Amino acid sequence: MPSFNSFMPTPKTLMGPGPSDVSERVLAALSRPTIGHLDPEFVGLMDEIKQLLRYAFRTENQITFPISAPGSAGMEACVVNLIEPGDKVVVCINGVFGGRMKDNVERAGGIPIIVDDEWGRPVSIEKVEEALARVPDAVALGFVHAETSTGVRSDAEALCGLAKAQGCLTIVDAVTSLGGIPLKLDEWGVDAVYSGSQKCLSAPPGLSPVSFSNRALEKVRSRKSIVQSWFLDLTLMLGYWDGAGERSYHHTAPINAMYGLHESLVMLSDEGLEAAWSRHREMHLLLEQGLARLGINYLVPAEHRLPQLNSVLIPAHLQNQEAEIRQRLLSEHKLEIGAGLGTLAGKIWRIGLMGHGASRKNIELCLGAMEEVIQGT
Ligand SMILES: *Cc1c(COP(=O)(O)O)cnc(C)c1O
């Protein structure tokens with residue numbers, strides 16, 4: 001065996017679709033001593049994380065906690081607990097992540113009814129209204145609030161309103177919206193929501209905050225079939241995360257990752273949720289002005305843009321060098337931006353302004369580096 005050295009990553013500025021820049025404060029929290037997952041001190045931390053998440057999600061939902069796995073597991077948890085074989089689910093697809101929700105519904109034995117919209121445009125309220133009218137026995141409506149693949153915000157409040165009027169549950173992907181743009185579970189009537197630690201919360205990847213309304217819990221309790229995933233079975237997870245007295249062993253929580261999430265949520269509550277939303281918006285407008293000076297325009301119409309994920313059209317004369325440009329940004333400027341996905345590959349870049357990374361410093365670095373690299377091509 002050769003000898004190996006400790007891994008020392010070169011510091012980078014992360015302005016892609018996630019993970020986002022992690023602050024020194026969160027990195028410091030991650031390195032604190034590991035304690036037991038049933039240690040009373042850790043149980044106290046879990047309770048604080050739940051409270052802080054209720055604040056971030058704008059909800060009173062008792063069942064609000066982070067799943068010990070990335071955002072994709074949060075998506076799967078919402079679907080496998082709420083959807084039983086034969087359940088009809090209206091699923092909106094206007095990018096990569098809506099497509100994944102459909103796959104999850106199918107694997108859970110549900111019947112997806114698809115509402116398709118163009119990538120780069122929001123979910124159509126009219127089409128959803130029409131689909132719900134056509135499928136009055138739909139059990140749930142699923143959609144992505146902030147489509148990270150395209151940089152589009154859909155009108156979650158209006159979509160939830162339509163579902164509620166029909167007594168159908170809502171499953172909302174808020175992986176990229178939590179902490180970045182207004183998200184109000186109780187006011188909007190969201191029933192099941194999942195997010196991720198590594199986007200606008202700026203903690204490392206690997207945790208998925210979720211929240212379930214009482215209506216969602218009733219659906220889970222009235223299931224006729226067992227949840228086919230042992231790990232993601234809500235009732236089993238709650239033995240560890242909920243319960244006033246005894247917490248029982250379900251899995252060993254990633255202790256230090258929870259320190260990081262907790263610290264990032266403390267930072268969010270110190271700043272204030274509304275202030276964080278405003279900061280994302282202000283930084284987005286600043287970046288937009290700078291990009292305009294470089295002749296770079298947005299894919300998405302202004303009123304549907306996500307401040308935290310700026311999907312911009314690569315100028316035609318640069319499209320055949322787009323991978324090289326990203327490579328040079330990374331190697332010469334230690335700056336990561338995202339490529340386009342699916343049909344948008346080679347056509348757009350995705351520039352993230354998420355959480356701690358939504359700062360003037362990052363914007364200046366990004367604009368300066370892009371200008372230099374583009375001029376050099
Ligand atoms: C990143 C993302 C996911 C998946 O989260 P992972 O942590 O990568 O599993 C799901 N939905 C959206 C909208 C995302 O941006």
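Above this text sits the structure in question.
Keep in mind that what you see is a predicted model, and the values were worked out from it rather than measured.

J.: Let's hear about the site of the ligand: which residues, and what values?
T.: Around the ligand sit Pro-70, Gly-71, Ser-72, Phe-97, Val-144, Ala-146, Thr-148, Asp-173, Val-175, Thr-176, Gln-198 and Lys-199, and those are all the residues in its vicinity. Here Gly-71 contributes a backbone N or O atom positioned 2.9 Å from an oxygen atom of the ligand. Within the side chain of Thr-148, a nitrogen or oxygen atom sits 2.3 Å from an oxygen atom of the ligand. The protein chains hide 88% of the 380 Å² of surface that the ligand would expose on its own. Looking at side-chain class alone, the shell around the ligand contains 5 nonpolar, 5 polar and 2 charged residues.

J.: Describe in detail the sheet that holds strand β13 (residues 348–352), supporting the description with residues and values.
T.: Strand pairing in a sheet takes place through backbone hydrogen bonds and is either antiparallel or parallel in direction. Spatially, β1-β12-β13-β11 is the arrangement adopted by the 4 strands of the open sheet, whose pairing is mixed. Looking at the sheet topology across the chains shown, the edges are occupied by β1 (13–15) and β11 (309–313). Mean inter-strand twist for the sheet, computed between neighbouring axes without regard to direction, equals 30°. By the bridge criterion, 5 bridges tie β11 to β13 in an arrangement that is antiparallel. Across the sheet, Ser-311 pairs through a bridge with Arg-350, a residue of β13. Against the sheet, helix α12 (residues 322–333) contacts β12 (335–339) and β13, and its axis sits at roughly 160° relative to β12.

Criteria and cut-off values
Residues numbered from 1 in each chain as written. Predicted model: local features only at pLDDT ≥ 70, side-chain atom pairs only at ≥ 80, totals over all residues. Heavy atoms only, no water. Near = heavy atom within 4 Å. Polar contact = N/O pair within 3.5 Å; in protein donor to acceptor, adjacent residues only side chain to side chain. Areas by Shrake-Rupley, 256 points an atom, 1.4 Å probe, with all protein chains shown as cover. Nonpolar A, V, L, I, M, F, W, Y, C, P; charged D, E, K, R; others polar. Pairing = 2+ DSSP bridges. Helix = DSSP H or I, 4+ residues; strand = E, 2+ residues; numbered from the N terminus. Axes fitted to C-alpha atoms, helices over the stretch in contact; angles between N-to-C directions. Contact = heavy atoms within 4.5 Å.

Remember that the coordinates give geometry; whether it matters functionally is a separate question.
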